[in-house]
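Here is what each chain is made of, one letter per residue.
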Amino acid sequence: MNRIIGALTLAGTLLVINQVFFLNLFGLALATNSFLYLVAACFLPIVFLRKSPGIIEYILAAITFGLSIWLAYHGNDISVFGWSMVAPTYATWISIIYWLLVGDMLRRTAGKIVAILAMAISAYPMIAGLIPVAFLQGIQYDPRVLAQVHVMGTESIFGLPFNTAASILVGFLLFGVTLQHTGGAEFFTQLANSLFGRYRGGAAKVSVASSAAMGMMSGSAVSNVLTTGPMTIPTMIKSGFSKKTAGAIEATASSGGSVTPPIMGAAAFLMVSFVGVPYTDILIAALIPAFLYYFGIFMQIDGYSARYHIHGQDRNSLPNFFATLRDGWPYILAIALLTVLLLTAPAEAQVPFWVIAALLLIAFVKPSIHFRAKELGDLIVDAGKTIAQIMGIIAGVGLILGGLTATGVALSLSRDLVALAGDNALLILISGAIACFILGTGLTISASYVFLAIVMVPALTALDVNPIAAHLFVIYWASVSYITPPVGLAAFAAAGISKATAMETCFEAMKFGAVKYLVPFAFVLNPALVAQADIIHIAVAALTSFIAVFALSAMFSGYLQGVETTLNWPLRIILGLAGAAVFLPQWSISAMGVAAIIAVLALTKIKRTLA
């Protein structure tokens, strides 16, 4: 089985390299739809082969491979003769079978709830003309034509999300897996230990730093918890953190990976196709919010540790920072090279492959990295499984896009949202946050994002909300479901490791991740926080926002750094309100918030001096 996965992965990777580098190897210059079908032929069959496949899975994989190759071969006919609307009978039957196969892939990669919702929305155009509710009415399709639209059209399974995944996301996913398999995960854990281990609450701070690095590589909160949690959670509990707090910190840190540059998660790459900007623009836009998120977690951990007298680890038991940095220079170089090339290279889709090549070369020649043919084979298989899972989800999520786009319902929903809210962008933001959260409890971030990107975001942009801020708002609020009851998947996974109650872990994670609930509103109201302004406004917005997060963290932890004292509830409430005020774009209100924070600092300093 691993040989099949490895062969398909190699073929798919070479195909993507040929396309993004414009190599035209063996005279292979592919039309876009044929390229996407061939990528599907390489990666989608792996969805069925990832976990102990039986005879049924092998058959489904073979059918997926065969039909994808057939579609690629007829790519020109599909485009020229408009088979998405009028196709030969055999092409229609192939489309019906493929539609069902993609639904099953989604069930295997994202779960039954996502699959049922996607299939229901994808079938919605068959009854759209019969719906009595005006804003849900749309163009009605014959089932056979609808199958052709989903499989051979350009706005469903093989629409913008899949196109973006095939041309850009494959390389970045491969880079993340390569970084892990060549020792990057262990290095970042050691580096975090050397940096933070000796300070108060060091075990938790190490967990945050290492989970942030791992999440940046994988973009998956749950897999991050399951990878780093078995090491970090017991260490935190041993150092003095309660079981629920240890699990909450790990879950909160891990759920930030999907919004942390330079790799982020699949939803961020889908933004490329929806917003129509280079990935580097999204990377830059996400920097300040990501720093604010992790700064808030760090400050709360520090305050918690001070209140409960949780000390750092013995310095002699920790790795030396400079020795760790010296031994791990390839991984620092890889991240730095990736970032620099993304900002300077003309073709961002090519960047991860250059960095992967450099990293693999170093891994093979550097004696301290044990990386030979066997490790390379394991990397290829693991990469194939990772890419297949994401591609399976994105193909399935494309059905949601196709169902809403084909009927025209997406436009009417956005129009009705604007009409309902009038000129009140805040009302749409609150309703959007609720919708993101509800969808996020049952869907993946990618599925939630695609649905809301075509329904809610146009309503926001119609009210002059910055497009990048609007799209990031959706991603942030979709990702909070990982730590929020009733289905906080990352918190539940962490609770399973810490042996704490799942709901208690969820509520504790909400406190540590509170910044994630507030920052999206802040950057929609003040786009400078997502780098959508001149450098002066961006710098001022960043500075004031760090002050705001400092105050909010003090409110949640009950401890004020700088003065090094615990806070009573009246002062905590004042700091919370002042921190929220500082986030607002109105300078007069922000100035009053900063003044209130300074007043609390001065008051507590005087009080402690006189005590």
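All figures in this text were calculated on a predicted structure; none of them were measured in a lab. (Residues numbered from 1 in each chain as written. Predicted model: local features only at pLDDT ≥ 70, side-chain atom pairs only at ≥ 80, totals over all residues. Heavy atoms only, no water.)

## Structural notes on the nonpolar core
In this structure, Tyr279, Met391 and Phe523 are the most contacted members of the largest nonpolar core, which totals 205 residues. Of the residues forming this core, the biggest block, 16 residues, is contributed by helix 18 (residues 373-407). (Core = buried A, V, L, I, M, F, W, Y, C linked by side-chain atoms within 4.5 Å. Buried < 20%, exposed > 50% of the residue type's maximum accessible area, 1.4 Å probe, protein only. Helix = DSSP H or I, 4+ residues; strand = E, 2+ residues; numbered from the N terminus.)

## Some remarks on the domain arrangement of the chain
The figure often quoted for interface size is the accessible area lost as the parts come together. Per the domain assignment, the segments making up the chain are domain 1 (1-156), domain 2 (162-372) and domain 3 (531-610). With centres defined by C-alpha atoms, the gap from domain 2 to domain 3 works out at 28 Å. The interface is formed by 15 residues belonging to domain 2 together with 18 residues belonging to domain 3. Among the residues of domain 2 in contact with domain 3, Leu292, Met299 and Arg307 are the three that bury the most area, contributing 38% of the side total. (Domains from an automatic or database assignment. Contact = heavy atoms within 4.5 Å. Buried area = accessible area lost by both parts, 1.4 Å probe.)

## Here's the deal with the environment of Met126
Its place among the elements puts Met126 in the loop between helix 6 (112-123) and helix 7 (143-152). We classify Met126 as partly exposed; its relative accessible area is 27%. Linking Met126 and Gly184, residues 58 residues apart in sequence, is a C-alpha distance of 49 Å. If near-sequence neighbours (up to four positions away) are discounted, Met126 is found in contact with Gln140, Tyr141, Pro143 and Leu146.

## Thoughts on the packing of helix 8 (residues 160-181) against helix 16 (residues 329-344)
Running from amino to carboxyl end, helix 8 crosses helix 16 at an angle of 165°, the nearest separation of the two axes being 11 Å. Compared by their axis directions, helix 8 and helix 16 come out roughly antiparallel. For the pair helix 8 and helix 16, the sense of crossing is left-handed. Contacts between helix 8 and helix 16 pair Phe172, Phe175 and Leu179 from the former with Tyr331, Ala334, Ile335, Leu338 and Leu342 from the latter. Taken together, the residues that form the contact of helix 8 with helix 16 break down as 8 nonpolar, no polar and no charged. (Axes fitted to C-alpha atoms, helices over the stretch in contact; angles between N-to-C directions. Parallel < 35°, antiparallel > 145°, perpendicular 65-115°, else oblique. Left-handed = near helix turned anticlockwise from the far one by under 90°. Nonpolar A, V, L, I, M, F, W, Y, C, P; charged D, E, K, R; others polar.)

## Some points on the packing of aromatic side chains
Counting across every chain of the model gives 25 aromatic pairs. With a centroid separation of 5.9 Å and 50° between ring planes, the pair formed by Tyr98 and Phe158 is classed as tilted. With Tyr98 in helix 5 (residues 89-110) and Phe158 in the loop between helix 7 and helix 8, this residue pair connects regions lying 60 residues apart in the sequence. Between Phe241 and Tyr304 the ring centres are 5.4 Å apart and the planes differ by 10°, which places this aromatic pair in the stacked class. Residue Phe241 is found in the loop between helix 11 (221-239) and helix 12 (243-254), and its partner Tyr304 is found in helix 14 (residues 279-307); the two are separated by 63 residues along the sequence. (Phe/Tyr/Trp six-rings, centres within 6.5 Å; stacked < 30°, edge-to-face > 60°.)

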